[in-house]
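The primary structure of each chain is shown beneath.
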Amino acid sequence: MIFHQTLRRELSFTTGGVFLILVTIMITTLVIRILGFAANGAVNPEDALVLIALATLGYMAVLLTVSLFVAVLMVLVRWYKDSEMIVWFASGLSIASLIRPILSFASPLIVIIALLALFVWPWANRESTIISQRFQQRSDVSMVAAGQFKESAKAERVFFIEELDVDKGEVKNIFSAENKNGRLSVAVASTGFIENASDGAKSIVLKNGRRYEGIPTQPDFRILEFVEYDTNIQSKNLLDPAPRDREKTISELLSDPNIAAANPNRAELLWRIGLPLMALGLVLIAIPLAYVNPRLGNYTALFYAVLIYLIYSNLLNLTQNFVSQGKVNVFMAAWPIHAIAFGIAFLLIRNRINPSLVWWRRQLPSFLVNR
């Protein structure tokens with residue numbers, strides 16, 4: 001009981017610390033990226049915090065997987081380095097005694113990773129896409145605000161209205177600049193009103209104003225005075241975009257009957273299911289990987305851990321791409337990577353329990369055997 005409680009307590013603190021560090025790094029990266037999108041006009045600056053929160057929720061499963069793997073490795077490496085493992089081994093425990101308490105600690109987190117990958121990941125991606133698309137699909141009239149310069153969604157038109165009466169639909173002192181087909185057109189007027197057509201289209205009608213068209217240094221530059229000038233504002237229906245593979249729910253992915261040819265839906269489902277399996281495989285590999293050989297240094301295990309995670313994660317993504325392109329059948333791609341990971345974990349644990357029982361050790365060079 002003392003052994004289990006000590007291990008569980010250290011794993012909890014270490015996992016929480018690593019997770020907070022990774023979340024902080026993730027949020028910092030997202031702040032820089034999304035604020036860049038907002039500065040370029042791709043997203044609404046008012047939605048920046050919401051988009052950052054949704055993106056963080058979407059990647060929570062990956063962050064939790066890495067946190068669990070690193071935490072198990074760090075705790076066991078410290079135990080080896082501080083000779084605590086020698087004390088436990090002298091008390092009659094073996095490396096196999098680590099498996100049960102570590103899995104009992106990791107199992108709830110692996111379930112959470114599965115729920116995040118299956119449900120939270122598509123929901124967060126879907127909400128982010130809807131927020132971004134609705135900002136891109138906004139109508140020009142929705143941007144009109146008194147006393148502010150407002151740019152259209154496609155950056156083709158700029159409005160400025162000094163006064164706006166929403167109830168009457170009247171505007172005063174209007175400025176409109178439009179760049180179309182390489183020609184600049186500027187219209188100014190003292191008064192105007194917003195006109196709603198029967199088909200849903202909207203326009204701003206400028207009254208008693210002047211229009212400047214062209215480049216002042218060119219001979220085709222024109223100055224026109226008008227009594228009424230109709231500035232069309234295209235009305236756009238705010239339709240939700242069709243969901244991408246990463247935004248579809250489990251039922252939508254499973255409803256696709258096509259399983260033979262290239263199938264992005266099955267590939268996405270394969271990745272979501274593979275994430276908790278990868279977390280389990282990494283935890284099992286971390287148990288024997290944490291062994292510290294004084295001749296190789298205390299941080300050798302961390303180097304191998306980074307290498308193993310990168311290989312495992314990239315193989316999972318590569319398999320997803322192959323299934324999406326139809327190069328590999330989904331049933332053939334579902335099990336090999338995880339089976340190899342579990343097999344490596346079994347061989348490494350068996351090696352730590354009794355090296356003489358592992359036949360392949362005799363085939364390896366001595367410097368690899370000592371590892």
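**Student:** Before we go on, may I ask you to explain the nonpolar core in this structure?
**Tutor:** For soluble globular proteins, nonpolar side chains are generally found buried alongside one another. In this structure, Leu76, Trp79, Leu98 and Ile102 are the most contacted members of the largest nonpolar core, which totals 60 residues. When residues of this core are traced back to their parent elements, those giving at least two are α1 (2-39), α2 (48-58), α3 (60-81), α4 (84-90), α5 (99-136), α7 (264-289), α8 (300-325) and α10 (336-353). The leading source of residues in this core is α3, at 14 residues. In contact with tryptophan 79, other than residues within four places in its own chain, are Phe3, Thr6, Leu7, Glu10, Glu84, Met85, Trp88 and Leu98. Residues Phe159, Val171, Leu206 and Phe226 belong to the second largest nonpolar core, which totals ten residues.

**Student:** I would appreciate a short explanation of a nonpolar patch on the surface in the present structure.
**Tutor:** Together, Phe303, Tyr304, Leu307, Ile311, Leu315 and Leu318 make up an exposed nonpolar region whose accessible area comes to about 540 Å². With respect to the helices and strands, the residue leucine 315 is situated in helix α8. Note on leucine 315: relative accessible area 39%, which makes it partly exposed.

**Student:** How should the pattern of salt bridges be read in this particular structure?
**Tutor:** Proximity of charged atoms lets side chains of opposite charge pair with each other. Going through the model one piece at a time under the given rule, you end up with seven salt bridges. One salt bridge connects glutamate 213 with arginine 211, and the closest N-O pair in it is separated by 3.2 Å. Each member of the salt-bridge network shares a partner with another, and the members are Arg211, Glu213 and Arg222.

**Student:** Whenever I open this one, α10 confuses me. Can you help?
**Tutor:** For an α-helix the count is 3.6 residues per turn, leaving residues at separations of three or four pointing the same way. Given a rise of 1.5 Å per residue, 18 residues ought to cover 26 Å, and the 26 Å separating the end C-alpha atoms of α10 matches this to within 8%. Residues Ile337, His338, Ala341, Ala345, Ile349 and Asn351 constitute the buried set of α10. Take α10 and look down its axis: the buried residues cluster within an arc of 160°, on one side only. For α10, exposure combined with an orientation more than 90 degrees from the buried face picks out Ile340 and Phe346.

**Student:** Can you help me understand unusual backbone geometry in this one?
**Tutor:** Trans peptide bonds make up the majority, and among non-glycine residues the majority have a negative phi. Of note in this structure, asparagine 173 is not a glycine but carries a positive phi near 55°. On the accessibility criterion, asparagine 173 (36% relative accessible area) is partly exposed. Of note in the backbone geometry, asparagine 208 takes a positive phi value of approximately 55° without being a glycine. Structurally, the position occupied by asparagine 208 is in strand β5 (residues 202-213).

**Student:** Help me understand the side chain of asparagine 265 in this model?
**Tutor:** Tracing the sequence through the fold places asparagine 265 in helix α7. Take asparagine 265: its relative accessible area is 7%, and that puts it in the buried class. At 3.1 Å, the side chain of asparagine 265 forms a polar contact with the side chain of lysine 248.

**Student:** Help me understand the packing of α7 against α8 in this model?
**Tutor:** Each packed pair of helices is defined by two parameters, the angle between the axes and the distance between the axes. Look at α7 against α8: their axes get within 9 Å of each other, and the N-to-C directions meet at 160°. It follows that α7 is roughly antiparallel to α8 by the angle criterion. With respect to the hand of their crossing, α7 and α8 are arranged in right-handed fashion. Split by residue class, the contact of α7 with α8 holds 18 nonpolar, six polar and two charged.

**Student:** Just to check I follow, could you spell out the packing of α8 against α10 for this structure?
**Tutor:** Between α8 and α10, the least distance of the axes is 10 Å, while the angle of their chain directions is 160°. Between α8 and α10, the interaxial angle falls into the category roughly antiparallel. The handedness of the crossing between α8 and α10 comes out as right-handed. Side by side, α8 and α10 meet where Tyr312, Leu315, Leu316 and Thr319 of the first sit next to Ile337, His338 and Ala341 of the second. In terms of residue class, the contact of α8 with α10 is built from five nonpolar, two polar and no charged.

What counts as what
- Residues numbered from 1 in each chain as written.
- Predicted model: local features only at pLDDT ≥ 70, side-chain atom pairs only at ≥ 80, totals over all residues.
- Heavy atoms only, no water.
- Core = buried A, V, L, I, M, F, W, Y, C linked by side-chain atoms within 4.5 Å.
- Buried < 20%, exposed > 50% of the residue type's maximum accessible area, 1.4 Å probe, protein only.
- Helix = DSSP H or I, 4+ residues; strand = E, 2+ residues; numbered from the N terminus.
- Contact = heavy atoms within 4.5 Å.
- Patch = residues over 30% accessible without salt bridge, like charges linked within 9 Å, V, L, I, M, F, W, Y side chains within 5 Å.
- Areas by Shrake-Rupley, 256 points an atom, 1.4 Å probe, with all protein chains shown as cover.
- Salt bridge = Lys/Arg side-chain N within 4 Å of Asp/Glu carboxyl O.
- Expected span 1.5 Å × (residues − 1).
- Arc of directions from axis to C-beta.
- Polar contact = N/O pair within 3.5 Å; in protein donor to acceptor, adjacent residues only side chain to side chain.
- Axes fitted to C-alpha atoms, helices over the stretch in contact; angles between N-to-C directions.
- Parallel < 35°, antiparallel > 145°, perpendicular 65-115°, else oblique.
- Left-handed = near helix turned anticlockwise from the far one by under 90°.
- Nonpolar A, V, L, I, M, F, W, Y, C, P; charged D, E, K, R; others polar.

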